[in-house]
Amino acid sequence: MTHSAIFTDQASLPPSTERPDFSPSNPYAKKQFDAATSEMPQLEYDQALIHKYNRSGPRYTSYPTALEFKPIEAGVELEVLTRRDPNAPLSLYFHIPFCRHLCYYCACNKIITKKNSDAGDYLAYLKNEVKQKRALLQRPDSGGKPYVKQLHLGGGTPTFFSDEELTELWQFLQTQFEFAPTSVEQVSDEHPEMGDYSVEIDPREIRDTTLSVLRSLGFNRVSFGVQDLDDKVQIAVNRVQSEALIRSVMQETRRLGFQSTNIDLIYGLPHQTPQTFAKTVQTIIDISPDRLSIFNYAHLPDRFKSQRQIKEEDLPTPAEKLEMFSDTIAALNTDGYQYIGIDHFAKPDDSMAIAQRDGILHRNFQGYTILGDCDLLGFGVSSISQINSTLYANKGNTSTHILQNHTDLKEYEAMVDAGKLPAVRHIKTSIQDRLRGYVISNLLCHDYIDFKDLNQKFGIDAITFFIDEIQQLGEMQQDRLIDMDAAGILILPKGRLLARNVAMVFDSYLASKEKNRFSKVI
């Protein structure tokens, strides 16, 4: 009798309803790293394999993805908030949608306005929403306020808020929550872990005092949207900012003592060439941010109206885009940046790179995150919450809930005015969703999935349960993208840039989706 025949009956059963019990040992630490020396894992760019496997697919900031959200039923958000584990730490996300200028490439939920009064009105709505949700949260066993370990201001342009409004928001939040230490000096036996407090910044939209105000409040990480430094490209996408400005704001963040800085770049924009983008990359390397995000521009003018301002004939060819990406990888590897995954790079001593080496990196709606034990609470138009992390699976809360606020500003404000919780879309994950999400997350964060770990956490025989997926991965094994054996699945150096392809094999929803709903892997 074959091994697969022994487990045929079990393979058709759902995973155990017992939620995962995390053991002290971590099979995802140091899989491709020498943590003692911070040695970089290998990363290989194989053009033939990139061409073969470069298909559209999700970025997996959640599983199931946002395409599976359904209209929320009455009372669900209230129940989710009141029944969350009160001892689980929180990550707070605030979506601030306003921008003074329209960037033609942008696919974010944003509102173009120059009216400063819009910010003050919106701040009032954010505070009311916080009060509504905070009133529903149970107190932790300590008897204090809910504990926050992470906060992120995203947009839009969060610094559309004035310095006074940013201060007002932060001080208000101190009355509603208890925050983890904002600096190393504040770390203690009671609070041994420093919090992660970050903000996205358009370098064109900050005052002379904004960075110092943010640092004094407790923000310790910033991300600057740069995209490209070439004048012709900047004019074509309506985002003009000088190299001198970028250097100036980066110097100021270092002077003020921010723990980590990120710069966003985009390849595939109009008038970019491999030569001009390589020049931008080298300049950014010289500026030396702690993290870099290198995004692939997806031209979808039918879905995003602003992109209709971009002429298709001005866009680089697919071959040119691949050359830009290949050259960028080579440059960043040469300079010592660690490839994290899906567009992201970090210096080896950055907290994100360390978390990956330690096997504790996670993904959520903010992308990669070092604090995966937090429940995510979203505030503002279109924001997303994710409640009941699987880390608390053994405490009786058997589902993870993902909820999204209304994406229309007027509708969002009307709901808050009426005293209603503003989530309008929702999904409650099944046991199978959490199993598959766990596999996908570890493949994208750590390039590995450990079968014994799955067996222990989900009460299955992983090889049998995923026998169809393992068979589908056979061609990738032959192409040396992955290595599979009885212990697990390891993504090899040639496969790291194509990790989304490996993850997609475990996505049970993907086959029914339109391919043009997602960006290409590369």
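The structure presented is a predicted model; accordingly, all values stated were derived computationally and were not measured. (Residues numbered from 1 in each chain as written. Predicted model: local features only at pLDDT ≥ 70, side-chain atom pairs only at ≥ 80, totals over all residues. Heavy atoms only, no water.)

This brings us to the packing of helix 7 (residues 210–217) against helix 9 (residues 243–256). With their axes 10 Å apart at the nearest point, helix 7 and helix 9 run at an angle of 30° to one another. Comparing the axis directions of helix 7 and helix 9 gives the class roughly parallel. By crossing handedness, the relation of helix 7 to helix 9 is classed as right-handed. Contact residues: helix 7 offers Leu211, Ser212 and Arg215, while helix 9 offers Val249, Glu252, Thr253 and Leu256. When grouped by side-chain class, the residues that make up the contact of helix 7 with helix 9 number three nonpolar, two polar and two charged. (Axes fitted to C-alpha atoms, helices over the stretch in contact; angles between N-to-C directions. Helix = DSSP H or I, 4+ residues; strand = E, 2+ residues; numbered from the N terminus. Parallel < 35°, antiparallel > 145°, perpendicular 65-115°, else oblique. Left-handed = near helix turned anticlockwise from the far one by under 90°. Contact = heavy atoms within 4.5 Å. Nonpolar A, V, L, I, M, F, W, Y, C, P; charged D, E, K, R; others polar.)

Take the pairing of strand 18 (residues 423–428) next. Looking at chain direction, strand 1 (residues 70–71) and strand 18 are connected through two bridges and run antiparallel. Bridged to Lys70 within strand 18 is His426. Judged from the five bridges that link them, strand 17 (residues 401–405) and strand 18 form a sheet pairing that is antiparallel. Looking at strand 18, one finds that Gln404 is bridged to Arg425. (Pairing = 2+ DSSP bridges.)

All right, on to the nonpolar core then. Counting 123 residues, the largest nonpolar core has Leu92, Phe94, Leu151, Phe219, Ile263 and Leu454 as its most contacted members. If we ignore the near neighbours within four places in the chain, the residues touching Phe94 are Leu126, Val130, Leu151, His152, Leu153, Gly154, Leu169, Leu173 and Phe379. Formed by eleven residues, the second largest nonpolar core is a distinct cluster that contains Cys103, Cys106, Val233 and Ile310. (Core = buried A, V, L, I, M, F, W, Y, C linked by side-chain atoms within 4.5 Å. Buried < 20%, exposed > 50% of the residue type's maximum accessible area, 1.4 Å probe, protein only.)

We now examine the packing of aromatic side chains. Tallying each qualifying case throughout the model produces 19 aromatic pairs. Ring centres 5.4 Å apart and planes at 85° place the aromatic pair Phe98 and Tyr122 in the edge-to-face group. Highlighted residues: Phe98 in strand 3 (residues 98–99) and Tyr122 in helix 5 (residues 117–134), separated in sequence by 24 residues. Tyr122 shares its class with Phe98; the two are buried. (Phe/Tyr/Trp six-rings, centres within 6.5 Å; stacked < 30°, edge-to-face > 60°.)

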